[in-house]
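Close look at the chain arrangement
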Amino acid sequence: MSEDENFDRIVALARATNPFYAEWLEGRECPPLLTRRVVLENNDRILNGHPVTGRTSGSLGIPVRISMSPRRLALLRSISWRYVQWLGGPLIRSHIMASRGRNGDFELNVNSPIDQQIEWLIQRYEKAKAVALVTHPTNAFMLARAILECKIDMGFLQRVGVIGENFDFHQRAYIQSAFPNAFIWSTYSSIETGMISGQCPYEPAFHHIMADCLRVEILDDDDRECPEGEIGRVVITDYHNEWAPLIRYELGDLAVRGSCPCGRIPFPAFSSVIGKVRGALKHRSGQRVIFVDLSIALRDLPGMKQYQVVQEELERFTVRLVMDERREEEIAAAFEAHFGYRPQLTFEYHDFLPREPSGKYHHSICRV
Ligand SMILES: [Zn+2]
């Protein structure tokens with residue numbers, strides 16, 4: 001099916017089967033842009049009685065609930081598998097990620113101390129011949145720093161994948177120096193749509209878009225398609241999510257379209273993906289701590305629309321909030337659970353929390 005046929009098919013299906021889209025698309029030839037706010041306001045109608053299979057932290061702190069059919073979930077897995085094939089096939093791997101309740105031997109929680117992570121990776125190689133690592137960029141960066149500082153030999157790692165966050169070239173070079181024999185790869189994905197693009201294995205500066213599954217538009221401030229090389233807003237249509245369609249959905253990320261010169265992968269490409277980042281805050285011991293767990297605790301508070309945590313000093317934070325009610329005691333308790341002590345918190349309430357001038361949104365900003 002061509003791009004237009006795929007697009008027309010899901011639009012027609014949504015119009016016919018989904019109560020939200022029946023109204024949203026009525027009398028409109030071209031589906032309008034769908035913002036997170038609109039999705040949030042109509043989330044139940046978009047779900048249309050289907051079970052929730054995922055929820056986002058949201059780049060703007062607004063959690064969106066999504067639903068994918070077993071067929072769509074199978075497609076998600078086959079796209080991941082295809083990407084592994086691009087990289088040269090599967091290797092025995094170790095994951096250092098946010099805990100998802102699975103405690104397989106190959107997985108370690110990303111909140112584990114860095115020296116413990118390094119020890120675990122070495123053990124995984126010795127015991128299970130694990131030669132690939134998958135983690136978040138911010139964590140890979142912290143690992144690289146410790147490895148370089150302590151001059152640890154990690155030459156056994158053949159592949160290091162960094163996922164779930166924005167990842168720039170500065171980080172890539174640094175991580176490469178800590179893992180000299182590893183191919184460093186990254187993917188760009190969202191909870192709502194799964195993998196959107198994967199770094200080209202031949203031209204690492206480019207990401208190929210999974211264009212057989214998703215339509216990706218890159219739009220300027222006037223909602224016109226950006227030419228190659230210009231930064232624009234990422235707008236996605238999922239061709240295959242029939243349970244809870246997302247049509248011309250504005251993800252809240254920025255990217256740049258480009259032409260990959262590899263000539264080997266028949267999909268369009270990004271020359272840059274600029275997006276969400278997870279910030280690493282500092283414990284009063286001086287150790288950097290990943291924000292994920294605290295972020296999830298804040299995200300899940302009732303009434304939470306947006307949040308941003310700014311670490312002004314080691315034990316002093318500003319907590320910026322867009323929420324309907326005050327839950328300061330619960331937030332303080334979440335901080336205590338995260339750090340093991342209660343830092344000083346100043347609460348600020350806002351109508352909206354904007355992006356940085358770079359286009360990035362930081363749930364956490366560390367000024368220490
Ligand atoms: Zn390529």
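The shown structure was predicted, so the numbers you read here are calculated from the model rather than taken from an experiment.

A count of helical and extended segments in the protein gives 10 helices and 19 strands. With respect to the principal axes defined by its C-alpha atoms, the protein has extents near 65 × 55 × 35 Å. Looking at the protein as a whole, 36% of its 368 residues are labelled buried. Pairs at least 24 apart in sequence give 64% of the contacts found in the protein among residues at least 6 apart.

A few words on the pairing of strand β12 (residues 249-258). Judged by how many residues are buried, β12 sits mostly within the fold: eight of 10 residues are covered. Here strand β11 (residues 231-238) runs beside β12; their pairing, made up of five bridges, is antiparallel. The residue of β12 that forms the bridge with Gly232 is Ala255.

Mapping Pro113 onto the fold places it in the loop between β4 (107-109) and α6 (114-128). Pro113 sits in the exposed class, given 11 other C-beta atoms within 10 Å.

For the rest of this paragraph, the subject is the sheet that holds strand β17 (residues 316-323). The strand order across the open sheet built from four strands is β18-β17-β16-β19, with neighbouring strands paired in mixed fashion. Only two strands of the sheet have a single partner each, and these edge strands are β18 (344-349) and β19 (364-366). With direction set aside, neighbouring strand axes in the sheet form an average angle of 15°. Two elements, strand β16 (residues 304-313) and β17, share eight bridges in a ladder whose sense is antiparallel.

Before going further, it helps to spend a moment on the packing of α6 against helix α7 (residues 137-150). Packing of α6 against α7 brings their axes to within 10 Å, and their N-to-C directions diverge by 80°. In terms of their interaxial angle, α6 and α7 are classed as roughly perpendicular. Of α7, the residues touching α6 (which contributes Ile114, Asp115, Gln117 and Ile118) are Met142, Leu143, Ala146 and Ile147.

Next up on the list: α6. In this model, α6 (15 residues) spans 20 Å end to end at C-alpha, consistent with the 21 Å of a helix rising 1.5 Å per residue. Among the residues of α6, those classed as buried are Gln117, Leu121 and Arg124. Projected onto a plane normal to the axis of α6, the buried residues spread over an arc of 60° and lie on a single side. Facing away from the buried surface of α6 by more than 90 degrees, the exposed residues are Asp115, Gln116, Gln123, Glu126 and Lys127. The secondary structure elements touched by the buried residues of α6 are β3 (93-97), β4, β5 (132-135) and α7. Lys129 sits one or two residues past α6 and shows a positive phi near 60°.

Glancing now at the nonpolar core. Membership of the largest hydrophobic core comes to 36 residues, with the highest contact counts inside it found for Val234, Ile236 and Tyr249. Elements with a contribution of two residues or more to this core: α1 (3-17), α2 (19-24), β10 (214-219), β11, β12 and β13 (269-274). Sort the elements by how many residues they give to this core and β12 lands first, with four residues. Aside from chain neighbours lying at most four places away, what touches Ile236 is Thr193, Ile196, Leu214, Arg215, Val216, Leu246, Tyr249 and Leu251.

With that out of the way, let us pick up the domain arrangement of the protein. Each assigned domain of the protein is listed with its residue range as follows: domain 1 (1-276) and domain 2 (280-366). The C-alpha-based centres of domain 1 and domain 2 are spaced at 24 Å.

Next up on the list: the environment of Val160. For Val160, the position within the fold is in strand β6 (residues 159-162). Accessibility expressed as a C-beta count within 10 Å gives 25 for Val160, which makes it buried. The spacing of Val160 and Ile175 is 15 residues in sequence and 8.8 Å in space, taken between C-alpha atoms. Setting aside residues no more than four positions away along its own chain, Val160 makes contact with Leu133, Ala140, Ile175, Phe179, Ala182 and Ile184.

Confidence along the protein averages 88 in pLDDT terms, with 90% of residues attaining 70 or more. The low-confidence segment residues 355-360 (pLDDT under 50) makes 10 contacts with residues lying over four places distant or belonging to another chain.

Reading guide: rules and limits
Residues numbered from 1 in each chain as written. Predicted model: local features only at pLDDT ≥ 70, side-chain atom pairs only at ≥ 80, totals over all residues. Helix = DSSP H or I, 4+ residues; strand = E, 2+ residues; numbered from the N terminus. Buried ≥ 20, exposed ≤ 12 C-beta atoms within 10 Å, placed from the backbone. Contact = placed C-beta atoms within 7 Å. Pairing = 2+ DSSP bridges. Axes fitted to C-alpha atoms, helices over the stretch in contact; angles between N-to-C directions. Parallel < 35°, antiparallel > 145°, perpendicular 65-115°, else oblique. Expected span 1.5 Å × (residues − 1). Arc of directions from axis to C-beta. Core = buried A, V, L, I, M, F, W, Y, C linked by C-beta atoms within 7 Å. Domains from an automatic or database assignment. pLDDT = per-residue confidence, 0-100.

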